[in-house]
Structure formats: C-alpha cells, structure tokens
Amino acid sequence: MTATSAWSWRSLRLAPPLLPLLPVLAWLPVLLVLPGLSHGGGWDLIGQFAWAAFNPSLDPLVLGSLLSGLGITVGIALLGWALSLALGLLGGVLSSRTVWRTLIGSALPAELIRRLLAVPRAMHELLWGLLLLQLLGLQPVVAVLAITIPYAALVARVVSDLLDALPTQGLEALRLAGAPAAPALLTALGPALQPGVISYGGYRLECALRSATLLGVFGLGGLGTDLRLTLQSLQFSELWSGLWILLLVMLALEALLRALRQRWAMPARFGLTRRSVGRGGREVALGLVLLLPLLVLVAAALGVSPLQLGQLQPLPPFTADWPAVAALPWLSLIGSTLGLTLLAAALAVGSAPLLLLLLAPWPWGRVLIQAVWALGRLWPPPLTALLLLFVLQPGVLTAALALAFHNLGILGRLLLEAEESAPMQAEEALVAAGAGPRLALLYGRFSALARSYLAYGAYRADVILRETVVVGLVGAAGLGSLLLESLSSFAIDQLIALVAVYVLLTLMGEDLSDRLRRRLLAA
C-alpha cells in the first residue's frame, strides 16, 4: 500500500448525521438469530393482546381497583421524588469541587463524597427495593426509599456537575470584595443553577413514576402489581385498561412539565439546546410551598412514616461459603451482562433516529412513533420480556429486546423534542435545492444533533447496565438473574459478592460513558 492510499483510508470519516444510525447495524445479527429462537405457540396470545388494546375492560370493579393502584403508584413516585430531590440538592452542594475550594481552598472533601455517593447510585432501585423488603417487610415505605436512595445520588451527581460547570468570575469578585464564602456562593451560583435543577427535577419526576410502576411489578404495591397479575392470568382487556390509564397520566405529566419548561425558559433535558434563565422564580417558590402539605397528605394516605424504619424484620442466621461463591462462573456472568447491555443499547440508540427518519416525513408518521414511544416508556421491561416469552425462548436476546423497547421510548421522545427545537435553516436550504424530505432531515437537523444524541446514548448505556437486573425475572443469563435468585433464597454471601461486582461494573461503565460523552461533545 502506498503512502497516498494509506493517508486516504485514514482520512475517511463518516458524515456526522450518519453517526447515530451506526448502532442500528446491531439488528442484522438479531434478525438472523431471531427465527431460531422463536416458537409458534404464542402468536394467538399476541393477537389477543393487540386486539385487547381496542377493547379494554370498563367494568367498574376493575376500574376501581386500577385507580386505587394508580393512586398508590403516583403517591410513591411523588414521595420518592421529593425526598430524593431534597437530599440530592444537599449532596450535590457537598460534592461540588467549586463549593469546597471556596470554603476551605481544597476539593478533597468533594472527591471523597463523590466516591461515597457512587455506591448507592450504582445500584438499581429494584435492587434497593428487594433488599429493603427483607429488612422492613412489605409496606409502602420500602418502595419510597427504593426510589429515594439511588435517585438522591443521581441528583447529587448532576447538581455537582452543574455547579462545577458554572463560570466563577462573579463568585471570585464577591470574595475579593470581602463577602463571606457561603453568601457569595449562594448569590453568585444560586440563580444560574436554578434552571438546570428545575429542568432535571421534572425529568426525575417522570422517571420516578416509571420506577414506582416497575417496583409494583415485583410486588411492592401499586398499579404495577395489577399489570403483572393481569398479564400472567391473560386478562388482556383488564391489562389494557390499566395501561391506558397509566398512559394518560404519564402524557398529562409530560405535557405539564413541557409547558412549565417553556413558560420558565428552562434548558432542554439532555443538552441539545440551551435557553436563557426564565422568569419562574416566584412560581417555583409558590409551587414548593403548596407541595409540602400535599406530601404530608400523601404520606398519611399511604401510611408512610419515619417510625417504620425502626421496625426491622428478624433475619435468618448468616452462613458464608466463600469457596462456593468464588467457584461461580464469574466470567460468563459478567460477559452475558455486558453483552446484554451493549446489545440493548445499540438497538435502542440506533432505532430511534432510524424510525424518526423513515416515518417523520409521512403525515401520520409522527403520531405513530409518538404512540409507540409512549408505550415503550410506560411499559416496564419485565412485562415486555414476559410478553415476548409467548413467542421467544428465554435468554439474553429476549431480555435485550425488552430493555431496548423501553429505552427506545425514552431516547425517541428526547430526540423528537430536540429535533423539533433544532434550527431549520439547513434543512430548508436542502429542500429548496431539491433534496427529498428524508435527506433534508438527515443532513439538516440531524447534523446539529448527532453528537449530542450519541452523548446521551452513552449515558443511557450506563443506565441500561443497571437495568439488566430487572429482566433477570425471565431467566436472562447474567448477574441480574443470579442476583434475584440469591435474594429469594437469602444467600447472603452470594448476594454480597454479586452486588459488589454489579457496583464495580456500573462504576466502570459510568466512567467510560463520561469519557465518551466528553469526547463526543468536545469534537
């Protein structure tokens, strides 16, 4: 090979708008393997499930039970979200390098607190729920704490990153003028931090509703329990009644949060667009004042009390067999978990822009993909996996498809919002030059969104790694399946080892995704 030809190969680069479509190539091996894993016995049930969407049950007893479960789910989500936001704000301030440098001149305490908060953040809320269930028994406070603990650590990480990314010129000027450290921090950084915190807080409320539903699927109360029971008993009409109710609530919440972001001019949720600070300070303060008595009423209605934390359940005696734990097939378990994560992430990240590109120019295309993505967001992955078992064998691929469908709904919605708010000039110029609508969309708006979308996709891959535990219910190979078995049999030694490996993997994945996001956004 000549020097000229070697240089030409090295200089080849994929066009930026094509980058988000690269992961969709993962569908090629999936489509080749899928026929060998399918069985024909469940297609009639799939047809009945689909038909029931247009014929939900309107029985007053069924609707009453579903609405009661919905009230529990919304209450759990609201309490868990509020507590996690309050604790996360405190943790974010305490883990901010800027704050500690201003207070004591060193960022070492921030680094230590960040490391400490990484452990609860690395464990999925389902795992927290099942662990707390062993300690506190079956009561609503378990689900509230299961959402609060990991969400507070996630909020703390985001808040600390937001604080450390803010310009410090105003802070330094106040300090040079003799202002004390704490008032200077509040004056210089508080107003600039508010838009990002409110925008991310709204996103976490949506996540809390999904998490509360998921926890219900595993028996922690609420609408999720009803959904799982109706699916297992093949009562599809009742199942769709619950799904339609949950979908209406979720869409109403999303519309409310979108309207508030527009009214207060808050930034988009994953950084694809930026807006100036809005005018909503007084309205936010009023909302917080009204929220406090509402939270007290919800806690009283659910029977959630801090006193329940002292009512620990007696645990069986702990016996350890560490040689048996060491003999577990760790390499196979870790490999299956990582393979499941990468496959699900590639399918979700690549499918969202492909579907938007194919269907958006069609008049009813946006309505169709919005409906599909809404179902993906609200439908918990374990239930998707159980539904897929009607026609597929259990295993990694079934679990990956379930996780991909759920994350496709999340990624697709965020991509659609970013695409709608992206500049139109390049796309309009391409259309005026004679390009087709899909080509104009691809090389117009997608060019501006490509790297930011992939950066958020890297974050979702980190989230999917934590979510692999939720599909262990359907026999997916990997750490999640064995971890749930250890919980059910109360094998403490095995559970400790599995949790430690899970935490280590998620922390490594978090670090890799952070590096990839920084590289993508800096390019």
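Residues numbered from 1 in each chain as written. Predicted model: local features only at pLDDT ≥ 70, side-chain atom pairs only at ≥ 80, totals over all residues. Heavy atoms only, no water.

Peer 1: Is there a simple way to explain the overall build of the chain in this structure?
Peer 2: A count of helices and strands for the chain gives 23 helices and zero strands. Taking the principal axes of its C-alpha atoms as reference, the chain extends roughly 65 × 60 × 55 Å. Every one of the 523 residues in the chain was classed for burial, and the buried ones make up 51%. Within the chain, contacts between residues at least 6 apart in sequence are counted, and of these 79% link residues at least 24 apart. Surface exposure of the chain reaches about 24,400 Å², of which carbon and sulfur atoms provide 70%. Here the chain contributes 32 positive and 25 negative side-chain charges, whose respective centroids are spaced 10 Å apart. (Helix = DSSP H or I, 4+ residues; strand = E, 2+ residues; numbered from the N terminus. Buried < 20%, exposed > 50% of the residue type's maximum accessible area, 1.4 Å probe, protein only. Contact = heavy atoms within 4.5 Å. Areas by Shrake-Rupley, 256 points an atom, 1.4 Å probe, with all protein chains shown as cover. Lys, Arg positive; Asp, Glu negative; His and termini not counted. Charge placed at Lys NZ, Arg CZ, Asp CG, Glu CD.)

Peer 1: Is there a simple way to explain the side chain of arginine 466 in this structure?
Peer 2: Here arginine 466 is to be found in helix 21 (residues 445–467). Of the residues examined, arginine 466 reaches a relative accessible area of 7% and is grouped as buried. If near-sequence neighbours (up to four positions away) are discounted, arginine 466 is found in contact with Arg121, Ala122, Met123, His124, Leu154, Thr506 and Glu510.

Peer 1: So what exactly am I meant to see when it comes to helix 22 (residues 479–489) here?
Peer 2: Residue pairs spaced three or four apart in an α-helix point in one direction, given the helix's 3.6 residues per turn. Within helix 22, eight of the 11 residues are buried, which leaves the element mostly enclosed by the surrounding structure. Of the residues making up helix 22, those classed as buried are Leu479, Gly480, Ser481, Leu482, Leu483, Leu484, Ser486 and Leu487. Remark: phenylalanine 490 follows helix 22 within two positions and exhibits a positive phi of approximately 55 degrees.

Peer 1: What's the story with the domain arrangement of the chain in this structure? I'm lost.
Peer 2: The figure often quoted for interface size is the accessible area lost as the parts come together. Segmentation of the chain into domains returns domain 1 (14–51 + 315–523) and domain 2 (60–272). Here the C-alpha centroids of domain 1 and domain 2 sit 21 Å apart. Tallying the contact residues gives 46 residues for domain 1 and 41 residues for domain 2. Here domain 1 and domain 2 share an interface that buries about 3,900 Å² over both sides, 74% of which is from carbon and sulfur atoms. Ranking the residues of domain 1 by area buried against domain 2 places Phe49, Leu378 and Arg413 at the top, with a combined share of 15%. Across the salt bridge formed by glutamate 254 and arginine 413, the nearest N and O atoms sit 3.3 Å from each other. Our count for the domain 1 to domain 2 interface comes out at seven residue pairs in polar contact (both at pLDDT 80 or more). Those elements giving two or more residues to the side of domain 1 that touches domain 2 turn out to be helix 3 (43–52), helix 16 (365–378), helix 17 (381–388), helix 18 (396–421), helix 21, helix 22 and helix 23 (492–522). Of the residues forming the side of domain 1 that touches domain 2, the biggest block, nine residues, is contributed by helix 21. Its residues assigned to classes, the side of domain 1 that touches domain 2 shows 32 nonpolar, four polar and 10 charged. (Domains from an automatic or database assignment. Buried area = accessible area lost by both parts, 1.4 Å probe. Salt bridge = Lys/Arg side-chain N within 4 Å of Asp/Glu carboxyl O. Polar contact = N/O pair within 3.5 Å; in protein donor to acceptor, adjacent residues only side chain to side chain. Nonpolar A, V, L, I, M, F, W, Y, C, P; charged D, E, K, R; others polar.)

Peer 1: Would you mind showing me how to read the nonpolar core here?
Peer 2: Looking at soluble globular proteins, one finds that nonpolar side chains tend to be buried together. Trp330 and Leu483 are the most contacted members of the largest nonpolar core, which totals 147 residues. Tallying contributions element by element places helix 10 (residues 181–217) first for this core, with 15 residues. Taken domain by domain, this core gets at least three of its residues from each of domain 1 (14–51 + 315–523) and domain 2 (60–272). Residue contacts for leucine 483: discarding those within four places in its chain leaves Leu127, Val469, Leu495, Leu498, Val499 and Tyr502. (Core = buried A, V, L, I, M, F, W, Y, C linked by side-chain atoms within 4.5 Å.)

Peer 1: Would you mind showing me how to read empty space enclosed by the protein here?
Peer 2: Unoccupied space between atoms shows up once a probe the size of one water molecule is rolled over them. A complete count under the given rule lists five cavities of 30 Å³ or more for this structure. There is about 330 Å³ of room inside the largest cavity. Surrounding the largest cavity, 28 residues form its lining, His124, Glu125, Tyr151, Ser211 and Glu467 being those nearest its centre. Those elements that place two or more of their residues in the lining of the largest cavity are helix 8 (140–165), helix 10, helix 16, helix 18 and helix 21. At seven residues, helix 10 tops the list of elements feeding residues into the lining of the largest cavity. Taken together, the residues of the lining of the largest cavity break down into 16 nonpolar, four polar and eight charged. In terms of domain composition, the lining of the largest cavity takes at least three residues from each of domain 1 (14–51 + 315–523) and domain 2 (60–272). (1 Å grid on protein atoms, 1.4 Å probe; cavity = no way out; pocket = protein on both sides within 12 Å on 5 of 7 lines; lining within 4 Å. Points joined across faces, edges and corners; volume = space filled by probe spheres on them.)

Peer 1: Mind showing me how you'd approach the packing of aromatic side chains here?
Peer 2: Aromatic ring pairs are defined here through the distance separating the ring centres and the angle between the ring planes. The tally for this structure, following the rule as stated, stands at eight aromatic pairs. With 5.9 Å between their ring centres and 55 degrees between their planes, phenylalanine 49 and tryptophan 379 make a pair best called tilted. Remark: tryptophan 379 occurs in the loop between helix 16 and helix 17 and phenylalanine 49 occurs in helix 3; sequence separation between them is 330 residues. Each member of the pair, phenylalanine 49 as well as tryptophan 379, carries the same accessibility label: buried. (Phe/Tyr/Trp six-rings, centres within 6.5 Å; stacked < 30°, edge-to-face > 60°.)

Peer 1: Can you walk me through a nonpolar patch on the surface in this structure?
Peer 2: A surface patch of nonpolar side chains, amounting to about 510 Å² of accessible area, comprises Trp362, Trp364, Val367, Leu368 and Val372. For tryptophan 364, the position within the fold is in the loop between helix 15 (330–359) and helix 16. For tryptophan 364, a relative accessible area of 59% gives the class exposed. (Patch = residues over 30% accessible without salt bridge, like charges linked within 9 Å, V, L, I, M, F, W, Y side chains within 5 Å.)

Peer 1: How do you make sense of the environment of tryptophan 240 when you look at a structure like this?
Peer 2: Structurally, tryptophan 240 can be placed in helix 12 (residues 236–264). Tryptophan 240 gets classed as buried once you look at its relative accessible area, which sits at 6%. Expressed as a C-alpha distance, the spacing of tryptophan 240 and tryptophan 379, which sit 139 residues apart in the sequence, is 11 Å. Residues in contact with tryptophan 240, not counting those within four places in the same chain, are Phe49, Ala52, Ala53, Pro56 and Leu375.

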